[in-house]
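The chain contents come next:
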Amino acid sequence: MRLDRSQAETLLQRMEGRKVAVLGDVMLDEYLFGEVNRISPEAPVPIVRVLKERSVLGGAANVAANLKALGTEPLLIGTLQKDVAGDRLLGLLTDLGISISGLVLDASRPTIIKTRVIGQQQQMLRIDREDPGMPEAAVLLGLKDRLERALASASALIVSDYNKGAVNAPVMEAVRSLCAERNLPWIVDPKPGNKALYRGATLMTPNTKETSELTARPARSDMEVTVAGRALMAELELRGLLVTRSERGMALFSPDAEHAAPWMIPTEAREVFDVSGAGDTVIAAFSAAIAAGADWREAAMLANAAAGVVVAKVGTATVTPAELLEHYREQEAN
């Protein structure tokens, strides 16, 4: 149910330098860390005295950061505005060595920011600044142009949909056409409200809640996940499906899943501190492995191990090959 350390090391070496395109909603994640000692006299709410601030890449940009941390070369495609948050995003991407040539300036909408307020190590509030919806015609043309350029050299495409507007019908038409022409796998982290946009995808990576919403079926037990997963694959004409199940691990449906049970993979997480961004890590590791020529089971096992490492970290995080290999060493020692 897991790769051994030598297999993981070989796969990670094959992933190095592979180009993986990422299309989706680019955003900035802000964290305000503080302490809570009293209640406000103005309203019955806690007062958080901010002690530390941190900004990290979020959304599709975090998927790109995960790919970069794993040693691949991400080709990020999305939109932002030339505002304060946009400048910070560009700075973070540049610091990591992630190309910004695939980003399209959208002057009509602000850069997306999610601000989380953390008091006493507990998230107390999230503030979203965004203007979701279909981009203007010029921005759509820009996204299609950047997509075509990226797919000319990429070995796989990730569609990271946060339902903010970068993933839309005209752009997804281009995805289907370009990936078919180049015989490229395209892998989707979905939002249930956009289900129709993902028809024909190589693989999707919903969690159990999203699987239930996508199919209007329960998806908790092994049998429920099996029934819902098969229904989803048939409805959207998917080649495969990787359902992430939190403490229950993952369920991998391959192209022959109509007649076979999905492959159930137990979790590798030993300690769960924060699951935010774990889905980004899963799709990045899986897609990077596929781009490097791994089969689906190998890719799913690597993604499962990567998720097991990242959920033990605080906030939106990434995992490196060194951390993954240390994880495998610890697993072998136990």
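Per-chain numbering applies: the sequence of each chain, read as written, is numbered from 1 onward. A pLDDT threshold of at least 70 governs which residues receive local features in this predicted model, and a stricter bar of 80 or more applies before side-chain atom pairs are shown or counted, although totals over entire chains, interfaces and linings include all residues. Water and hydrogen atoms were dropped before computing side-chain values, which therefore reflect all heavy atoms in the structure.

K.L.:
Explain unusual backbone geometry residue by residue, including any values.
P.N.:
At Gln120, a residue that is not glycine, the phi angle is positive and equals roughly 55°. The phi dihedral of Ser246 is positive, around 55°, even though this residue is not glycine. Summarising the element assignment, Ser246 is placed in the loop between strand 11 (240–244) and strand 12 (250–253). Strands here are runs of E lasting at least two residues and helices are runs of H or I lasting at least four, both read from the DSSP assignment and numbered beginning at the N terminus.

K.L.:
Which residues make up the side chain of Thr202, and what values do they have?
P.N.:
Structurally, Thr202 can be placed in the loop between strand 9 (186–189) and strand 10 (203–204). A relative accessible area of 11% means that Thr202 is categorised as buried. Any two residues having at least one pair of non-hydrogen atoms within 4.5 Å are treated as being in contact. Those residues in contact with Thr202 that sit more than four places away from it in its chain are Leu184, Pro185, Trp186, Arg239, Gly240 and Trp296. Exposure categories follow from relative accessible area, calculated using a 1.4 Å probe and restricted to protein chains: below 20% of the type maximum is buried, above 50% is exposed, and the middle band is partly exposed.

K.L.:
Just give me the short version of the packing of helix 4 (residues 137–151) against helix 5 (residues 169–182), but keep the residues and values in it.
P.N.:
Running from N to C, helix 4 and helix 5 point in directions that differ by 20°, and their axes come no closer than 10 Å. When the interaxial angle is binned, helix 4 and helix 5 end up roughly parallel. For the pair helix 4 and helix 5, the crossing hand works out as right-handed. Where helix 4 approaches helix 5, its residues Leu140, Leu143, Lys144, Leu147, Glu148 and Leu151 are matched on the opposing element by Pro170, Val171, Ala174, Val175, Leu178, Cys179 and Arg182. Under the scheme applied here, ten amino acids are nonpolar (Ala, Val, Leu, Ile, Met, Phe, Trp, Tyr, Cys and Pro), four are charged (Asp, Glu, Lys and Arg), and all others, including Gly, are polar. A breakdown of the residues in the contact of helix 4 with helix 5 according to their chemical character gives 10 nonpolar, no polar and 3 charged. Interaxial angle, 0 to 180 degrees, is taken between N-to-C directions of lines fitted to C-alpha atoms, where a helix line uses only the stretch in contact. Any angle that is under 35 degrees is reported as roughly parallel, and any over 145 degrees as roughly antiparallel; angles of 65 to 115 degrees are reported as roughly perpendicular and all others as oblique. The crossing is said to be left-handed when, going from far helix to near helix, the turn is anticlockwise and less than a right angle, and right-handed when the turn is clockwise.

K.L.:
Please provide a residue-by-residue account of the side chain of Thr72, values included.
P.N.:
Note on placement: Thr72 falls in the loop between helix 2 (60–69) and strand 4 (73–80). According to the relative accessible area criterion, Thr72 is buried, its value standing at 2%. Pairing of N or O atoms within 3.5 Å defines a polar contact, subject to two protein rules: one partner must be a possible hydrogen donor and the other a possible acceptor, and residues neighboring in sequence count only if both atoms are side-chain atoms. A polar atom in the side chain of Thr72 sits 2.8 Å from the backbone oxygen of Leu67.

K.L.:
A description of helix 9 (residues 296–310) should follow, citing residues and the corresponding values.
P.N.:
For helix 9, which comprises 15 residues, the first-to-last C-alpha distance of 21 Å matches the rise-based estimate of 21 Å (1.5 Å per residue) to within 8%. Along helix 9, 13 of the 15 residues are buried, which leaves the element largely enclosed by surrounding structure. N-capping of helix 9 is provided by Asp295, with a side-chain oxygen placed 3.1 Å from the backbone N of Arg297. Expected helix span is given by 1.5 Å per residue-to-residue step, counting one fewer step than there are residues.

K.L.:
With reference to specific residues and values, describe empty space enclosed by the protein.
P.N.:
Here a cavity means grid points, on a 1 Å grid over the protein atoms only, where a 1.4 Å probe fits yet cannot get out; a pocket means an open set of points with protein on both sides within 12 Å along at least five of seven lines; lining residues are those with an atom within 4 Å of a point. Grid points are joined across faces, edges and corners, and a volume is the space filled by probe spheres set on the points. Using the criterion set out here, one finds 1 cavity of 30 Å³ or more in the structure. Here the largest cavity defines a volume of roughly 120 Å³. Taken together, 13 residues form the lining of the largest cavity, with Thr79, Arg109, Pro110, Ile112 and Lys164 sitting closest to its centre. Of the residues in the lining of the largest cavity, the class split is 6 nonpolar, 2 polar and 5 charged.

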